[in-house]
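Structural overview
Spelled out, the chains give:
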Number of protein chains: 2
Amino acid sequence: MPDHEIPKDHPRYLSLTIREAIIKGMHQKVVAEAGLIAHGRGEAFDYLLGERSPPFAMRQQEFAVLTMLQAENPIISVNGNLAAMCPEETVVLGKLLNAPLEINLFYRSQEREQAIKKTLIDAGADIILGLDPDYQDTIEELSHLRRIVDSRGISTSDCVFVPLEDGDRAQALKRLGKSVVTVDLNPLSRTSLTATVSITNNIIRSVPEMIKITKDMTLLSKTELKKRLEQYNNEKLLQEALLFMSERLKALATSDLMLK
Amino acid sequence: MPDHEIPKDHPRYLSLTIREAIIKGMHQKVVAEAGLIAHGRGEAFDYLLGERSPPFAMRQQEFAVLTMLQAENPIISVNGNLAAMCPEETVVLGKLLNAPLEINLFYRSQEREQAIKKTLIDAGADIILGLDPDYQDTIEELSHLRRIVDSRGISTSDCVFVPLEDGDRAQALKRLGKSVVTVDLNPLSRTSLTATVSITNNIIRSVPEMIKITKDMTLLSKTELKKRLEQYNNEKLLQEALLFMSERLKALATSDLMLK
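A few points on the structure. (Residues numbered from 1 in each chain as written. Chains lettered and ligands numbered in written order. Predicted model: local features only at pLDDT ≥ 70, side-chain atom pairs only at ≥ 80, totals over all residues. Heavy atoms only, no water.)

Looking at the packing of helix H3 (residues 55–70) of chain B against helix H11 (residues 234–253) of chain B
Residue and element names in this part refer to chain B. Quick note on the threshold: Every angle, taken between N-to-C directions, lies between 0 and 180 degrees, and every axis is a line fitted to C-alpha atoms, over only the stretch in contact when it is a helix. Secondary structure is summarised from DSSP: a helix means a run of H or I of at least four residues, a strand means a run of E of at least two, and numbering begins at the N terminus for each. Note that the term roughly parallel is reserved for angles under 35 degrees, roughly antiparallel for angles over 145, roughly perpendicular for angles of 65 to 115, and oblique for everything else. Put simply, a crossing is left-handed when the front helix is turned counterclockwise from the back one by less than a right angle, and right-handed when it is turned clockwise. In this description, contact between two residues means that some pair of their heavy atoms is separated by no more than 4.5 Å. Amino acids outside the nonpolar list (Ala, Val, Leu, Ile, Met, Phe, Trp, Tyr, Cys, Pro) and the charged list (Asp, Glu, Lys, Arg) are all regarded as polar, and Gly is one of them.
Between H3 and H11, the least distance of the axes is 10 Å, while the angle of their chain directions is 155°. Considered as vectors, H3 and H11 are oriented roughly antiparallel to each other. Here H3 and H11 pass one another in a crossing that is left-handed. Between H3 and H11, the residues in contact are Phe56, Arg59, Gln60 and Phe63 and Asn234, Leu237, Leu238, Glu240, Ala241 and Phe244, respectively. Among the residues making up the contact of H3 with H11, the classes are represented as six nonpolar, two polar and two charged.

As for the packing of H3(B) against helix H9 (residues 203–217) of chain B
Residues and elements named next belong to chain B. Remark: H3 packs on H9, axes separated minimally by 9 Å, with the N-to-C direction vectors making an angle of 55°. In terms of orientation, H3 and H9 fall into the oblique class. Helix-helix and strand crossings are classified by hand; for H3 and H9 the assignment is right-handed. Contacts between H3 and H9 involve Met58, Gln61, Glu62, Ala64, Val65, Leu66, Met68 and Leu69 from the former and Ser206, Glu209, Met210, Ile213, Thr214 and Met217 from the latter. A breakdown of the residues in the contact of H3 with H9 according to their chemical character gives nine nonpolar, three polar and two charged.

Description of unusual backbone geometry
Comment: phi is negative for the bulk of residues other than glycine, and the bulk of peptide bonds are trans. All names here are of chain B. Put simply, the test is: Only protein chains enter the accessibility calculation, which uses a 1.4 Å probe; a residue whose area is less than 20% of its type maximum is buried, one above 50% is exposed, and one in between is partly exposed.
Of note, Glu51 is a non-glycine position whose phi angle comes to about 55°, a positive value. When you line up the elements, Glu51 lands in the loop between helix H2 (33–49) and H3. At Asn98, a position not held by glycine, the phi torsion is positive, near 50°. Its relative accessible area of 65% is what places Asn98 among the exposed residues.

Some words on the packing of aromatic side chains
All names here are of chain A. Going by this rule: Under the pairing criterion, centres of Phe, Tyr and Trp rings, with the six-membered ring standing for Trp, must be within 6.5 Å; the plane angle then separates stacked pairs below 30 degrees from edge-to-face pairs above 60, leaving the rest tilted. Think of it as a cone above the ring: NZ of Lys or CZ of Arg counts as a charge over the ring if it is within 6 Å of the ring centre and within 35 degrees of the ring normal.
Here the structure, examined in full by the defined rule, presents four aromatic pairs over all chains. Residues Phe63 and Tyr232 carry aromatic rings whose centres are separated by 5.2 Å and whose planes lie at 10° to one another, so their mutual orientation is stacked. Here Phe63, found in helix H3 (residues 55–70), pairs with Tyr232, found in the loop between helix H10 (222–229) and helix H11 (234–253); they are 169 residues apart in sequence, far enough to count as distant. A cation over an aromatic ring shows up here: Arg152 above the ring of Tyr135, its NZ or CZ 3.8 Å from the ring centre. The ring of Tyr47 carries the charged tip of Arg248 above its face, separated from the ring centre by 5.7 Å.

Re the pairing of strand E1 (residues 74–78) of chain A
Residues and elements named next belong to chain A. Filter applied, for reference: Two strands qualify as a pair provided DSSP detects at least 2 bridges between them.
Along E1, five of the five residues are buried, which leaves the element largely enclosed by surrounding structure. Bridge analysis of E1 against strand E6 (residues 159–161) gives three bridges, and the strand direction is parallel. Among the inter-strand pairings, Ile76 is bridged to a residue of E6, identified as Phe161. Relative to strand E2 (residues 101–103), E1 is paired through three bridges, and the arrangement is parallel. Looking at E2, one finds that Ile76 is bridged to Leu101.

Thoughts on the pattern of salt bridges
All names here are of chain B. As a reminder of what qualifies: The salt bridge criterion pairs a side-chain nitrogen of Lys or Arg with a carboxyl oxygen of Asp or Glu, the two atoms within 4 Å.
Under the counting rule described, the total for this entry stands at 18 salt bridges over all chains. Linking Asp122 and Lys118 is a salt bridge whose minimum nitrogen-to-oxygen distance equals 2.7 Å. Of this pair, Asp122 and Lys118 both sit in helix H6 (residues 110–122), four residues apart, which is roughly one turn of the helix. Like Asp122, the residue Lys118 is exposed in the burial classification. Note that Glu224 and Arg228 form a salt bridge whose closest N and O atoms lie 3.0 Å from each other. In this pair, Glu224 and Arg228 are both assigned in helix H10 (residues 222–229), four residues apart and thus about one turn of the helix distant. In this structure Glu224 comes out as partly exposed when scored by relative accessible area, which is 24%.

Right, dumping it as structure tokens:
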């Protein structure tokens, strides 16, 4: 029995098990060390959601899918945490949306790129962009290695799905005139505040739910997509997310939980 | 320039730098991998505090110091995150409170124990409990390696300061009739809900603030300590913490931040 095995009687066994998966991702060089800390931040905000997808998140996800279906050249930017947490679902979503996958890392190294590539291929991916030096473009506004993008992918795309990402990159992509769709449990992060569409939800629930929504909407005409898109407002939905979390904390403050 | 160097122009440079310190702690085997995730959860809740010590946290810290000054044999239980984040301050606080330091780990290994011991000694600690096999006691309610405590320390102490800790351990110590004082940024964690005194604050601010409070209170008589202690109610203070976070989220929802 290894020292660090999680006791099965531990009340947070499930949560600890997901954590172990992220740690395993780090050992396999898929997840960056700072990705573990980011995962922890997500855990805290997810707790404020009640670890379920609230109604506003479902609407954010519809908004996201409509935006990507409306785009000419959507693309999915994959980082380590996404690859570690839902590689199969990401591959499926990409195929449904006709959006290629591009590996694009904050903490870039060839070792991590190759580990993530392997994870995606094992999960059923065909073509993976972002690794071929013959197709390197740069985003001038970003620092050194973070600026590299694929000339067949993010560089020429009009809509980037870039979940679990850093605010810098979201801002840079937005300034280049692209639609930016993100998933970030913190509704106040720069990423959430910058993106065209921000999903305030756990990626583990979000991508499978987006797959369902895509299947429902994939046959809509461009006119119908455009019409539906007018019903959504990203700032309003983020406000709803904040107020949801605020109300939940208030309710918990007066709940039985607080009585020993 | 290493791949992962943080760009100085990054708006969260300071926060990222503290993260790097925690990652360094992991490389030195002081911090467990799950400790990185725990740090991330803390970051999220600290954001809800505005990354400052609110009035209720100052009162929680007074309550904590009074409780430890009132105790016959207080002790400080040290884990990896505490050792990585504020070793010097922990040593100073222990000396002021006449509370020995005991290394007591969730993810126990000799390598980590020795790395933490070295960190504490470098920080000025004299005696460190918890590592001598001749003085091993066990807490029967805890699983395998986590149950080991020092017969000169936690085992016979009436008051344990056990910051950044797991709910199981807090519960087990409480059931043994000890006062449990903790620091945990999540006011709803089992640790916070179980402890005799719960401090909802960032340990980086909390320990230095407790040092100041201890210096102010160290000469109070036992009678005066007891009288002052009656003014505090842990549940009420945790409720204040939750309502503070709730109000802050609500205020942020309608702030300029939300307007692009």
